[in-house]
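Residue-level structure breakdown
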Amino acid sequence: MNMKTLTFRSSLILILCTLLAVWAPPYPVHAENISITTHARAAALIDVESGRILYSSRGDEPMLIASLTKIMTAIVAIENGDLDSKVKVGKNAFAKEGSSLYLKQGEEMKLEDMLYGLMLRSGNDAATAIAEHVGGSEEGFVYLMNAKAEELGLIHTHFANPHGLDAEGHYSSANDLAVLTAYALHNPVFKEIVKTQEKTADNPYEKWDYKWANKNKMLRLYEGADGVKTGYTKKALRCLVSSATRNGQQLVAVTLNDGNDWNDHAALLNFGFNHYPLKTLIERGESISGYSFVTSKKFAYPLGQGEEARMITKLVLNGQPAASGGAEARSSFGLKGALVLQLGGKEIGRVPVYTPEQLPPEQSLYMKRYAPTGAAAYPADTWLQALGSALRALLQMGK
């Protein structure tokens, strides 16, 4: 090895060591925190409160999704239909192929009850009847489904029907389904339906009532499980979206084409609860130091080991960072600006700030737009691994 090569290598090692010192977290990130695999072709894990995707494998790959389609069917029907209205079973819904509630042609059932049959027993007849009732036709309802997908930014999703039977142009991805489900779980009606293990519905046409047991075994197998939907076709194979809540944190796991989904979902949910606990960073009504402002809402975010120390919070007034000295900005209705929270150079949320006397009531409507790609798991550990590999490669040079 000549002197020029030695000097070049020494300089690179010095630069890499400096970067390592700058980017290293305040305490070690354990290797077990990032070691998780599934048997699925695609998988995703999301925190419902924040929309942060905690794990993703082939998460943006468009795939067949079978009856996971009905997650979108349910939320579109809830948001656009009258739950007390009567759904009439037409000829298109009657005897629909695949899983069924065995509804009779001409039968009428309250929309809310039919939604339970849709989600607990995955009735394709119910899906078609609901679509025709709410959308005017199956095609009209599918238009609403795709409009909702566009609204939520689900760019790897397109629907061709409300039930999920395999069809050209009908697909979604693990990440998109995670985002959709997290959105839907903020709706109290949807949330109540998908956690129900058994439902009885009136049947005026027979001596017996409908009684539906939920097909989702996670509700019985996993502590804290509270949703969501199973799916299967011969082409899509086994598909599952599950949710669970522990210590005030709700997670959603998604697997597509997975022959061991019950065990994989338990592992995914355990991974999220163990390594990304939800932490409240801002409470509603907190005072802003140096300013006569208060925060308008609570903000919580799931953080991995070492991430809280790398959080950056900035006060932005009228689109500019606030200067020191407590200068206040002009704004209508008491809105003065926002606290912007960043992690790893990416914005993870913002909390509007107001004058105390004009603090508005808390908003109950949930319309969060998620950015799944902005939620990598343990980015610091990725840097460490890359730098370590580079150092090892350099040390091998010339041997």
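Preceding this paragraph is the structure being described.
Anyway, here's the lowdown on the structure attached to this text. Remember, it's a predicted structure, so these values are computed and weren't measured experimentally.

Right, let's talk about the overall build of the protein chain for a bit. Regarding its fold elements, the protein chain presents 10 helices and 16 strands. Burial statistics for the protein chain: of 399 residues in total, 48% are counted as buried. When contacts within the protein chain are restricted to residue pairs at least 6 apart in sequence, those whose partners lie at least 24 apart make up 64%.

Here we come to the nonpolar core. Core analysis: the biggest nonpolar cluster contains 65 residues, and Met72, Met114, Leu115, Met119, Phe190 and Leu256 have the highest contact counts within it. Tallying contributions element by element places helix 6 (residues 174-184) first for this core, with 8 residues. Sequence-distant contacts of methionine 119, that is, excluding residues within four places in its chain, are made with Lys70, Ile71, Ala74, Phe190, Ile193, Val194, Asn214, Val228 and Lys229. Grouped together as the second largest cluster of nonpolar side chains are 20 residues, Ile36, Tyr55, Leu251 and Phe271 included.

Glancing now at the packing of helix 4 (residues 124-135) against helix 5 (residues 138-151). A pair of packed helices is captured by two measures, namely the crossing angle of their axes and the spacing between those axes. Running from N to C, helix 4 and helix 5 cross one another at 85 degrees; their axes reach a closest spacing of 7 Å. It follows that helix 4 is roughly perpendicular to helix 5 by the angle criterion. Between helix 4 and helix 5, the contacting residues are Thr128, Ala131, Glu132, Val134 and Gly135 on the first element and Glu138, Gly140, Phe141 and Leu144 on the second. Looking at side-chain class alone, the contact of helix 4 with helix 5 contains 4 nonpolar, 3 polar and 2 charged residues.

Glancing now at the pattern of salt bridges. Taken as a whole and judged by the stated rule, the model has 12 salt bridges. Between lysine 279 and glutamate 308 there is a salt bridge whose closest N-O contact spans 3.9 Å. Residue lysine 279 is found in strand 10 (residues 278-282), and its partner glutamate 308 is found in the loop between strand 12 (299-302) and strand 13 (312-317); the two are separated by 29 residues along the sequence. On the accessibility criterion, glutamate 308 (40% relative accessible area) is partly exposed. In the salt-bridge network here, residues are joined through shared partners; they are Arg41, Arg58 and Glu61.

Assignment of secondary structure puts serine 50 in the loop between strand 1 (42-47) and strand 2 (53-57). Residue classification places serine 50 among the buried residues on the basis of a relative accessible area of 10%. A polar atom in the side chain of serine 50 sits 2.7 Å from the side chain of aspartate 47. A distance of 3.1 Å separates a polar atom in the side chain of serine 50 from the backbone nitrogen of arginine 52.

With burial as the criterion, each face of strand 12 is covered, one bearing Phe299 and Tyr301 and the other bearing Ala300 and Pro302. The pairing of strand 10 with strand 12 spans 4 bridges and is antiparallel. From the neighbouring strand, isoleucine 282 faces strand 12, where its bridge partner is phenylalanine 299.

Taken together, 5 strands build an open sheet; the order of strands is 2-1-9-8-7 and the sheet is antiparallel. Each edge of the sheet is formed by a strand with only one pairing partner; in this case those strands are strand 2 and strand 7 (225-233). The sheet shows a mean angle of 5 degrees between the axes of neighbouring strands, taken without regard to direction. Both strand 1 and strand 2 contribute to a ladder of 4 bridges, which runs antiparallel. In the strand pairing of strand 2, leucine 45 is matched with tyrosine 55.

Parameters and conventions
Residues numbered from 1 in each chain as written. Predicted model: local features only at pLDDT ≥ 70, side-chain atom pairs only at ≥ 80, totals over all residues. Heavy atoms only, no water. Helix = DSSP H or I, 4+ residues; strand = E, 2+ residues; numbered from the N terminus. Buried < 20%, exposed > 50% of the residue type's maximum accessible area, 1.4 Å probe, protein only. Contact = heavy atoms within 4.5 Å. Core = buried A, V, L, I, M, F, W, Y, C linked by side-chain atoms within 4.5 Å. Axes fitted to C-alpha atoms, helices over the stretch in contact; angles between N-to-C directions. Parallel < 35°, antiparallel > 145°, perpendicular 65-115°, else oblique. Nonpolar A, V, L, I, M, F, W, Y, C, P; charged D, E, K, R; others polar. Salt bridge = Lys/Arg side-chain N within 4 Å of Asp/Glu carboxyl O. Polar contact = N/O pair within 3.5 Å; in protein donor to acceptor, adjacent residues only side chain to side chain. Pairing = 2+ DSSP bridges.

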